[in-house]
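Reading the structure
If you want the building blocks of each chain, they are given just below.
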Amino acid sequence: AAGVIQSPRHLIKEKRETATLKCYPIPRHDTVYWYQQGPGQDPQFLISFYEKMQSDKGSIPDRFSAQQFSDYHSELNMSSLELGDSALYFCASSYHTGARTDTQYFGPGTRLTVL
Amino acid sequence: GQQVMQIPQYQHVQEGEDFTTYCNSSTTLSNIQWYKQRPGGHPVFLIQLVKSGEVKKQKRLTFQFGEAKKNSSLHITATQTTDVGTYFCAGLSGGSNYKLTFGKGTLLTVNP
C-alpha cells in the first residue's frame with residue numbers, strides 16, 4: 001500500500017539559512033499534519049491542514065510556515081534556521097471523516113541538521 | 001493545555017517476560033491512539049481506542065482504555081526481540097481540533 005512520502009530524507013543547513021520540507025500524503029487523504037521530534041523526545045505537533053486550509057496550530061515557531069496545495073501535498077518552510085531546529089520532522093496524513101477517529105499515518109521523516 | 005503522561009520512560013526485560021506501559025491524560029480524551037517507533041524509524045500506528053472501558057487485542061498486545069477515558073495501557077505478553085522500540089500513546093481531546101498530544105513514550109529493550 002502507498003505510504004506518506006517525505007523529501008528530502010536528510011538535509012543539512014547552516015544557521016540562518018532556509019529549508020523547505022515536502023510531504024506527499026497517502027492517496028485520497030485530505031489532511032496533513034507536521035510534527036517535530038527532537039532526540040529522545042516525543043513528536044510535537046506543529047501544524048495541520050485540511051482541504052488546503054490550516055486546521056490546527058501547535059508549537060510552530062513564527063519563523064516556520066506551511067501550506068497545503070491543490071494536490072494535497074504540503075510544504076513546511078523554515079527560515080532563519082537555528083541550531084535548535086535540528087530534529088526529525090514527520091508528516092502524517094489522514095482521511096477526514098468528521099467522526100474524530102481519523103488515523104494518522106506517519107511518513108519516514110526528514111532529518112534536519114543545522115550546523 | 002492538554003498533557004499526556006506516560007510511564008515508565010524505559011523498560012528492559014528478558015525475552016519472554018511481560019511488559020506494560022501506562023498513559024494518563026490531564027483531560028478526558030475523545031480517543032487514544034498507540035504508536036510504535038523502532039530506533040531510527042517513524043511512528044507506526046498500532047491501534048485506536050474510542051469507547052470507555054474498551055479493550056482490544058492484537059496477538060500478544062492488549063490495549064485498554066479507562067472508564068473515564070483519561071487513561072490507557074498497553075500490555076505485551078511474552079515479549080520477543082522484535083518488540084524492541086518506543087511505544088507512544090497519543091490522545092485526541094474533545095473540541096474541534098484534531099491534533100494528537102503524544103506521551104513521552106516508553107523505550108522497551110528486550111534481552112534475548
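Please refer to the structure placed before this passage.
For the structure given in this document, a descriptive report is provided here. If you're wondering where the values come from, they're calculated on a predicted model, not measured in any experiment.

**A closer look at the interface of chain A and chain B**
The interface of chain A with chain B comprises 22 residues on the first partner and 24 residues on the second. Interface area, chain A with chain B, both sides summed: about 1,900 Å², of which 51% is carbon and sulfur. Among the ionic pairs, Lys104(B) bridges to Asp42(A), the shortest N-O distance being 3.2 Å. Inspection of the chain A/chain B interface yields four residue pairs in polar contact (both at pLDDT 80 or more). When residues of the side of chain A that touches chain B are traced back to their parent elements, those giving at least two are strand E4 (31-37), strand E5 (44-50) and strand E6 (53-57) of chain A. Its residues assigned to classes, the side of chain A that touches chain B shows seven nonpolar, ten polar and five charged.

**Overview of the layout of surface pockets**
Counted as a void, the largest pocket has a volume near 440 Å³. Along the wall of the largest pocket there are 23 residues; nearest its centre are Gln37(A), Gly38(A), Pro39(A), Gly40(A) and Gln41(A). For the lining of the largest pocket, a count of residues per class yields seven nonpolar, twelve polar and four charged. As a volume, the second largest pocket reaches approximately 340 Å³. In this structure, the second largest pocket is lined by 16 residues; those nearest its centre are Gln44(A), Gln2(B), Leu100(B), Thr101(B) and Phe102(B). Among the elements of the structure, E5 of chain A together with strand E10 (100-102) of chain B are those that each provide at least two residues to the lining of the second largest pocket. Top contributing element to the lining of the second largest pocket by residue count: E10(B), with three residues. Split into classes, the residues belonging to the lining of the second largest pocket amount to five nonpolar, eight polar and three charged.

**Concerning the sheet that holds strand E7 (residues 64-68) of chain A**
Whether parallel or antiparallel, the strands of a sheet pair through hydrogen bonds between backbone atoms. Residue and element names in this part refer to chain A. Read from one edge to the other, the open sheet built from four strands follows the order E1-E3-E8-E7, with strand pairing classed as antiparallel. Strands at the two margins of the open sheet, each flanked by one partner only, are strand E1 (5-7) and E7. The mean angle between the axes of side-by-side strands here comes to 15°, regardless of whether they run parallel or antiparallel.

**Let's talk about unusual backbone geometry**
Across the junction of Ser7(A) and Pro8(A), the peptide omega takes the value -10°, indicating a cis bond. Along the chain, the position of Pro8(A) falls in the loop between E1 and strand E2 (10-13). Put simply, Ile7(B) and Pro8(B) share a cis peptide bond, and its omega is -5°. Mapped onto the elements, Pro8(B) comes out in the loop between strand E1 (4-7) and strand E2 (10-14). Residue Tyr72(A) is not a glycine yet carries a positive backbone phi of 75°. Locating Tyr72(A) in the fold gives a position in the loop between E7 and strand E8 (74-78).

**As for the sheet that holds strand E3 (residues 19-25) of chain B**
Residue and element names in this part refer to chain B. Ordered in space as E1-E3-E8-E7-E6, the five strands form an open sheet in which the pairing is antiparallel. The open sheet has two free edges, formed respectively by E1 and strand E6 (55-58), since each of these has just one partner strand. The average angle at which neighbouring strand axes cross in this sheet is 15°, direction not considered.

**Observations regarding the state of the cysteines**
Each disulfide consists of a covalent bond between the sulfur atoms of two cysteine residues. Residues and elements named next belong to chain B. Summed over the entire model, instances satisfying the criterion amount to two disulfides over all chains. With its sulfur 1.6 Å from that of its partner, Cys23 forms a disulfide with Cys89. Sign of the S-S torsion, about -90° for the bond between Cys23 and Cys89, identifies this disulfide as left-handed. Residue Cys23 is found in strand E3, and its partner Cys89 is found in strand E9 (residues 85-93); the two are separated by 66 residues along the sequence.

Conventions adopted
Residues numbered from 1 in each chain as written. Chains lettered and ligands numbered in written order. Predicted model: local features only at pLDDT ≥ 70, side-chain atom pairs only at ≥ 80, totals over all residues. Heavy atoms only, no water. Contact = heavy atoms within 4.5 Å. Buried area = accessible area lost by both parts, 1.4 Å probe. Salt bridge = Lys/Arg side-chain N within 4 Å of Asp/Glu carboxyl O. Polar contact = N/O pair within 3.5 Å; in protein donor to acceptor, adjacent residues only side chain to side chain. Helix = DSSP H or I, 4+ residues; strand = E, 2+ residues; numbered from the N terminus. Nonpolar A, V, L, I, M, F, W, Y, C, P; charged D, E, K, R; others polar. 1 Å grid on protein atoms, 1.4 Å probe; cavity = no way out; pocket = protein on both sides within 12 Å on 5 of 7 lines; lining within 4 Å. Points joined across faces, edges and corners; volume = space filled by probe spheres on them. Pairing = 2+ DSSP bridges. Axes fitted to C-alpha atoms, helices over the stretch in contact; angles between N-to-C directions. Disulfide = S-S within 2.5 Å.

In short, shape yes, function no, at least from these values alone.
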